[in-house]
Amino acid sequence: MKIVDRHDEAPGVRTMRLEFQDPADHELFKETFRTGMFGLYGVYGEGESTFCVASPETRKDYIECTFRESGRVTSALARADIGDLVTFRGPYGNRFPLEEFYGKNLLFIAGGIALPPTRSVIWSCLDQREKFGKVTIVYGARTVADLVYKHELEEWMKRDDVELVLAVDPGGESPDWKHRVGFVPTVLEEAAPSPDNCVAVLCGPPIMIKFTLISLKKLGFEESNVYTTLENRMKCGLGKCGRCNVGSIYVCKEGPVFTAAEVSRMPAGDL
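Residues numbered from 1 in each chain as written. Predicted model: local features only at pLDDT ≥ 70, side-chain atom pairs only at ≥ 80, totals over all residues. Heavy atoms only, no water.

A. How the structure looks around the sheet that holds strand S12 (residues 226–229). Here we have 7 strands laid out as an open sheet, ordered S10-S9-S8-S7-S11-S12-S15, and mixed in their pairing. Here the strands that pair on one side only, and so sit at the sheet edges, are strand S10 (180–181) and strand S15 (257–259). In this structure, S12 lies alongside S15, joined through 3 bridges in antiparallel fashion. Paired with Thr 229 across the two strands is Val 257, which belongs to S15. Helix-sheet contacts for helix H3 (residues 115–126) involve strand S7 (105–111), strand S8 (135–141), strand S11 (198–203) and S12, and the interaxial angle to S7 is about 155 degrees. (Pairing = 2+ DSSP bridges. Helix = DSSP H or I, 4+ residues; strand = E, 2+ residues; numbered from the N terminus. Contact = heavy atoms within 4.5 Å. Axes fitted to C-alpha atoms, helices over the stretch in contact; angles between N-to-C directions.)

B. Structural view of the pattern of salt bridges. Taken as a whole, this structure holds 15 salt bridges when the rule is applied. Between Glu 64 and Arg 17 there is a salt bridge, and its shortest N-O distance comes to 2.9 Å. Here Arg 17 lies in strand S2 (residues 13–19) and Glu 64 lies in strand S5 (residues 63–68), a separation of 47 residues in the sequence. The partly exposed category is assigned to Arg 17, whose relative accessible area is 28%. Here Lys 134 ties to Glu 163 by a salt bridge, and the two come within 3.3 Å at their closest N and O atoms. Linking Lys 134 in the loop between H3 and S8 with Glu 163 in strand S9 (residues 163–168), this pair joins segments that are 29 residues apart in sequence. Salt bridges sharing partners connect three or more residues here, namely Arg 17, Glu 64, Arg 119 and Glu 152. (Salt bridge = Lys/Arg side-chain N within 4 Å of Asp/Glu carboxyl O. Buried < 20%, exposed > 50% of the residue type's maximum accessible area, 1.4 Å probe, protein only.)

C. Layout of a nonpolar patch on the surface. Residues Ile 207, Phe 211 and Ile 214 make up a contiguous nonpolar surface patch of roughly 280 Å² in combined accessible area. Its location among the elements puts Phe 211 in helix H6 (residues 206–219). Its relative accessible area of 40% is what places Phe 211 among the partly exposed residues. (Patch = residues over 30% accessible without salt bridge, like charges linked within 9 Å, V, L, I, M, F, W, Y side chains within 5 Å. Areas by Shrake-Rupley, 256 points an atom, 1.4 Å probe, with all protein chains shown as cover.)

D. Region of the structure containing helix H5 (residues 184–191). Listing the buried residues of H5 in full gives Val 184, Pro 185, Val 187 and Leu 188. One face of H5 carries all of its buried residues, which in axial projection span an arc of 165 degrees. Where H5 is buried, its residues contact S7, S8, S9, S10 and H6. Ala 192 sits one or two positions beyond H5 and adopts a positive phi of about 50 degrees. (Arc of directions from axis to C-beta.)

E. Structural detail: the nonpolar core. With 35 residues, the main nonpolar core has Phe 101, Phe 108, Tyr 139 and Trp 156 as its most contacted residues. Secondary-structure elements contributing two or more residues to this core are S7, H3, S8, helix H4 (150–158), S9 and S11. Excluding its chain neighbours within four sequence positions, the residues that come into contact with Phe 108 are Thr 118, Val 121, Ile 122, Cys 125, Val 135, Thr 136, Ile 137, Val 138 and Val 201. (Core = buried A, V, L, I, M, F, W, Y, C linked by side-chain atoms within 4.5 Å.)

F. Here's a closer look at unusual backbone geometry. With omega at 5 degrees, the peptide bond leading from Gly 90 into Pro 91 counts as cis. Counting through the fold element by element, Pro 91 comes out in strand S6 (residues 87–92). Cis geometry is adopted by the peptide bond preceding Pro 256, which originates at Gly 255 and carries an omega value of 15 degrees. Phi angles above zero are rare outside glycine, and Ala 192 is one such case at about 50 degrees.

What follows is the structure, given as structure tokens:
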């Protein structure tokens, strides 16, 4: 893959747009990729790192990925420049079943760097907006600086067919911050979206997922109508390293997308 664009989203967080160099690889990707799937991104001589495809299934001429610089591979990716070649292996994993969302209201909930996998679903739905009901997005980060996709947040804020609720943790607000201050589960309960004919898509750090699932239950959401992704646990992507197993489940092989009902049956201590 060739890097054709890149930009910083937040401190230590970068987005890259990649284009295929082999038409056969591109055709295979177009046939197989669905929102929710992930890949292994690599730099020659440095290794590979596993994270989601942040671009939607409605836009398959390229791949976009967003990552935090946190180790050898992601540091090498962050040093790569426009025109450089990197590797992509995938797509792997299961998907969000968008066809089951048709005709329903949608609630997207994300925290910090967990917006990228949610963004893939959001744009997949907004690109075919007529198939869905009300769209609500609840997104929070530690500080204002840590919010990613700021230009897209502004776009969603201006849309008449999207309700966007933004929040930062207490102490993370700037003097000109005009949105919510609070942790995502609390802000969600204050916003109180209706569970009627609604599907929720949730992504965030494990602790946020844990307490947001509790908040969704308080609001009346059925576990079968709540979807999340556990991709932060994955490494090899092939079920070999054992890092992502939760009890008998390998997230990279059977996920990373699960319903809340499936998550509730997993060993709590392993999440």
